[in-house]
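Residues per chain, in single letters:
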Amino acid sequence: MGIAETYSRGREFAIERPFALVLGVIAAVLLGDLLLGLATGQTQFADIGTLVWDGLMRGLVIGLAGIGLSMTYSILNFANFAHGDYITAGAFSGWATTYLIAGLGRADIGALLLVGAGGSVYGGTIGIGMLSTPLAVVAGIVVAGAFAIALSLGVDRFIFKPVRNEDGITLLITSIGVAFALRYLMQFVFGSDVRGTTAQPPSIGLYLIDGTVFIDAHDITLLVIASGLMIGVHLLLQRTKLGKAMRAMADNQDLALITGIPTERVVRSTWIIGGGLTGIAGYMFILWKGTLGFNDGWLLLLLIFAAVILGGIGSIYGAITGGLVIGLTASMAVLWIPSAFARAAAFVVMIVILLVKPSGLFSGRSTA
Amino acid sequence: MSVDANTDATSGAGVEDRNDVLLRVRNLDAGYGDLQILTDVDMDVFDGEYVTIVGPNGAGKSTTMKSVFGLTAHMGGSVQFQDEDITGRRPEEIIHVGIGYVPQNDNVFPTLTVEENLEMGAYILDEVPQDAIRAVYDRFPILEERKHQKAGTMSGGQQQMLAMGRALMLDPDLLLLDEPSAGLAPDLVDEMFDKIDEINEAGTAILMVEQNAKEALRRCDRGYVLANGQNRYMDRGSALLEDEQVRQDFLGG
């Protein structure tokens with residue numbers, strides 16, 4: 001009787017939600033494979049720890065960079081494809097500052113300002129790092145944020161604002177145009193080579209069962225700054241008058257106008273906050289991975305879009321959560337598949353989550 | 001009782017000789033984009049008065065109200081509020097003069113809490129007026145019970161009360177209500193009208209558009225009947241209810 005009931009219930013479940021069943025089977029197979037690898041010593045716990053840590057860091061970068069994208073989406077109803085190049089622009093401006101401060105007197109100023117274009121000067125040679133040149137890094141972070149703010153305000157004022165009342169496709173294509181223009185302008189100025197930006201930062205090894213997980217100073221810097229900014233945005237949105245007005249506007253722009261919320265000023269604040277976070281995310285991304293190229297932001301943008309869509313586009317909490325999911329997936333996928341497919345795996349996870357929850361994890365919560 | 005000239009529209013209940021006029025609309029032409037909806041509309045609301053606009057669909061009832069609040073394209077005529085010319089001003093300026101507006105649909109911020117919605121109602125003030133929030137809670141106790149709940153998760157009637165509460169946060173002299181009973185269950189409709197009576201009795205003048213014309217005319221001081229974007233009748237609510245022509249043409253017999 002008991003078995004028959006369990007069986008029939010199982011059959012009902014399989015018929016009603018075949019998709020969930022398939023997912024469950026796949027998850028079980030992956031987990032089994034992982035356990036088998038651990039049991040036979042083919043996979044080490046420390047490897048997993050390293051990948052989780054790496055994924056967490058990647059997720060923080062994606063999440064931080066995704067907040068700005070999500071904000072402009074929810075308040076201006078527009079998916080800004082130039083966002084990735086705001087990230088790169090923030091990174092170049094910040095790193096030019098860092099190079100200049102760290103390398104002043106030791107290298108040609110022009111070469112420093114161009115972030116060592118054409119191999120004229122190397123970040124590693126100047127010894128750039130959070131612990132070795134803290135002032136240069138902090139100044140770089142500030143400049144990256146400030147420059148991205150100025151850039152997003154300028155682009156909004158002169159390019160997006162005139163077409164803001166056109167339909168969504170016009171804005172979208174305009175933003176793609178801005179993206180290309182920015183990207184190749186940066187390639188023209190800074191060159192197309194990928195340069196190393198930091199000296200090897202000191203790290204600590206954490207013992208984990210069968211090996212060591214290394215955590216370096218730049219990981220910690222990223223963790224502190226990204227989580228600090230995320231908490232800051234949360235408090236801003238929940239506690240301040242401006243934050244509440246931003247959420248109100250994301251909810252219902254017409255009503256916001258009727259209640260006397262100065263909508264243009266809120267739009268400007270959105271670009272300022274979103275732009276600042278984006279620029280800083282760009283800088284931290286480079287500090288963490290140690291290399292800088294003109295394509296970095298654009299390549300990251302696809303993962304950021306995956307993250308914000310996965311989280312429920314328009315929600316900053318969705319962007320953060322989605323960023324962590326995408327980051328962890330992209331890193332941990334190498335446990336099962338060749339690393340060349342890691343990015344693809346992130347998108348597969350996005351599609352699977354959207355199939356289960358079509359409007360995203362934090363759907364309908366807009367900025368809240 | 002039918003009116004052709006605008007002067008007739010306003011002289012019906014002897015309103016010209018009153019000197020406590022709050023809102024005075026004269027010869028208003030307005031619409032959306034290039035489309036004109038209102039032609040020569042006249043309307044008055046006096047201090048503390050309760051005025052209803054009724055009429056068939058597409059008569060321009062809501063458009064009249066939106067025009068007062070600066071939400072339409074102004075094409076001619078004037079809108080005066082307390083001796084101030086507010087013709088063609090934008091909504092963000094008009095809330096400063098003492099007019100509150102409750103739109104028919106989408107009149108709360110769904111992901112904000114009840115209390116945050118009320119705070120948004122007083123956005124133009126530097127500080128959140130705690131006494132105004134207190135007054136709204138006293139008038140609508142259900143809102144206090146649910147002050148931390150997201151507005152979008154409340155029932156239609158509760159959202160309507162929240163929308164009114166939000167519009168009352170600046171203690172307006174005139175409250176514009178666009179179909180407050182739309183979409184409410186029958187027992188809630190009465191409660192809603194009772195609340196509007198209370199707000200009016202507390203001294204706030206009401207200009208209301210209502211689909212539920214008979215009940216609205218029973219409760220109001222004065223009513224306007226609009227059709228095709230023009231004034232048709234104006235009189236005390238009870239007089240309009242008794243008027244054979246009005247009953248036949250506009251109140252379904």
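- In the annotation of an unreviewed UniProt entry, the entry for chain B reads ABC transporter ATP-binding protein, and the organism field reads Haloferax profundi.
- For chain B, the Sequence similarities (unreviewed entry) comment in UniProt is given as "Belongs to the ABC transporter superfamily."

- Chain A is annotated in an unreviewed UniProt entry as Branched-chain amino acid ABC transporter permease from Haloferax profundi.
- A UniProt comment under Sequence similarities (unreviewed entry) is attached to chain A, and it reads "Belongs to the binding-protein-dependent transport system permease family. LivHM subfamily."

### Re the overall build of chain A
So, step 1. Helices and strands together make up the secondary structure of chain A, namely 15 helices and four strands.
So, step 2. What you see for chain A is a C-alpha radius of gyration of 23 Å, in line with the 21 Å of a compact globule of 368 residues.
So, step 3. For the C-alpha atoms alone, the extent of chain A along its principal axes is close to 80 × 60 × 35 Å.
So, step 4. Residues classed as buried in chain A amount to 51% of the 368 residues present.
So, step 5. Long-range contacts, defined as pairs at least 24 residues apart, comprise 75% of the intrachain contacts of chain A with a sequence gap of at least 6.
So, step 6. Summed over all atoms, the accessible surface of chain A reaches about 16200 Å², with 69% contributed by carbon and sulfur.
So, step 7. Of note, chain A has its 20 positive side-chain charges centred 9 Å away from the centre of its 19 negative side-chain charges.

### With respect to the overall build of chain B
So, step 1. When you go through chain B residue by residue, the secondary structure sums to 11 helices and 10 strands.
So, step 2. In summary, chain B has a C-alpha radius of gyration of 18 Å against a globular reference of 18 Å for 253 residues, a match within 12%.
So, step 3. Across its three principal directions, the C-alpha atoms of chain B cover 50 × 40 × 35 Å.
So, step 4. Each of the 253 residues in chain B was classed as buried or not, and the buried ones make up 55%.
So, step 5. The contacts in chain B between residues at least 6 apart in sequence include a share of 66% that link residues at least 24 apart.
So, step 6. Accessible surface computed for chain B: about 10500 Å², of which carbon and sulfur atoms make up 40%.
So, step 7. Of the charged side chains in chain B, 21 are positive and 46 negative, and the gap between their average positions amounts to 4 Å.

### Quick word on the sheet that holds strand β8 (residues 205-209) of chain B
Residue and element names in this part refer to chain B.
So, step 1. Judged by pairing direction, the sheet is mixed, and its six strands sit side by side in the order β6-β7-β8-β3-β9-β10 without closing on themselves. With one partner strand each, in any of the chains shown, β6 (99-102) and β10 (230-236) form the two edges of the open sheet. Strand-to-strand twist across the sheet, computed as the mean angle between neighbouring axes with direction ignored, equals 15°.
So, step 2. Relative to β8, strand β3 (residues 50-54) runs parallel, the two sharing four bridges. Bridging from a neighbouring strand, Tyr-50 pairs with Ile-206 of β8.
So, step 3. Sheet strands touched by helix α8 (residues 186-201): β3, β7 (174-178) and β8. Its angle to β8, the strand with the most contacts, is close to 150°.

### A few points about the interface of chain A and chain B
So, step 1. The interface is formed by 20 residues belonging to chain A together with 23 residues belonging to chain B.
So, step 2. When chain A packs against chain B, the two sides together hide about 1900 Å² of surface, and 63% of this comes from carbon and sulfur.
So, step 3. The partner of Arg-247 of chain A in a salt bridge is Glu-116 of chain B, with the nearest N and O atoms 2.7 Å apart.
So, step 4. If you look at where chain A meets chain B, you find six residue pairs in polar contact (both at pLDDT 80 or more).
So, step 5. Residue assignment for the side of chain A that touches chain B shows that the elements contributing at least two residues are α10 (241-251) and α11 (253-258) of chain A.
So, step 6. By residue number, the principal contributor to the side of chain A that touches chain B is α10 of chain A, which donates six residues.
So, step 7. In the side of chain A that touches chain B, the residues fall into nine nonpolar, six polar and five charged.

### Details of the pairing of strand β2 (residues 35-46) of chain B
Two faces make up the sheet, and in a regular strand the side chains alternate between them.
Residue and element names in this part refer to chain B.
So, step 1. Across eight bridges, the pairing between strand β1 (residues 21-32) and β2 is antiparallel. Bridge pairing links Gly-31 to Gln-36 in β2.
So, step 2. Here β1 folds back onto β2 in antiparallel fashion, the turn holding two residues, of which Gly-33 has a positive phi close to 60°.

### A few points about the packing of helix α9 (residues 217-239) of chain A against helix α12 (residues 263-289) of chain A
Residue and element names in this part refer to chain A.
So, step 1. Orientation of α9 relative to α12, taken along the N-to-C sense of each, is 165°, at an axis distance of 10 Å. The orientation of α9 with respect to α12, classified from their angle, is roughly antiparallel. Where α9 crosses over α12, the two elements pack in a sense that is left-handed. Along its contact with α9, which presents His-218, Asp-219, Thr-221, Leu-222, Ile-225, Leu-229, Val-233 and Leu-236, the element α12 presents Ile-273, Leu-277, Ile-280, Met-284, Leu-287 and Trp-288.

### With respect to helix α4 (residues 114-121) of chain B
So, step 1. Summarising burial for α4 of chain B: eight of the eight residues are buried, a large majority.
So, step 2. For α4 of chain B, the full list of buried residues reads Val-114, Glu-115, Glu-116, Asn-117, Leu-118, Glu-119, Met-120 and Gly-121 of chain B.
So, step 3. Buried-residue contacts for α4 of chain B involve α9 and α10 of chain A together with α5 (130-139), α6 (141-145) and α7 (156-168) of chain B.

Cut-offs applied
- Residues numbered from 1 in each chain as written.
- Chains lettered and ligands numbered in written order.
- Predicted model: local features only at pLDDT ≥ 70, side-chain atom pairs only at ≥ 80, totals over all residues.
- Heavy atoms only, no water.
- UniProt positions renumbered as here; feature names shortened; annotations may be inferred.
- Helix = DSSP H or I, 4+ residues; strand = E, 2+ residues; numbered from the N terminus.
- Rg over C-alpha atoms; globule rule 2.2 N^0.38 Å.
- Buried < 20%, exposed > 50% of the residue type's maximum accessible area, 1.4 Å probe, protein only.
- Contact = heavy atoms within 4.5 Å.
- Areas by Shrake-Rupley, 256 points an atom, 1.4 Å probe, with all protein chains shown as cover.
- Lys, Arg positive; Asp, Glu negative; His and termini not counted.
- Charge placed at Lys NZ, Arg CZ, Asp CG, Glu CD.
- Pairing = 2+ DSSP bridges.
- Axes fitted to C-alpha atoms, helices over the stretch in contact; angles between N-to-C directions.
- Buried area = accessible area lost by both parts, 1.4 Å probe.
- Salt bridge = Lys/Arg side-chain N within 4 Å of Asp/Glu carboxyl O.
- Polar contact = N/O pair within 3.5 Å; in protein donor to acceptor, adjacent residues only side chain to side chain.
- Nonpolar A, V, L, I, M, F, W, Y, C, P; charged D, E, K, R; others polar.
- Parallel < 35°, antiparallel > 145°, perpendicular 65-115°, else oblique.
- Left-handed = near helix turned anticlockwise from the far one by under 90°.

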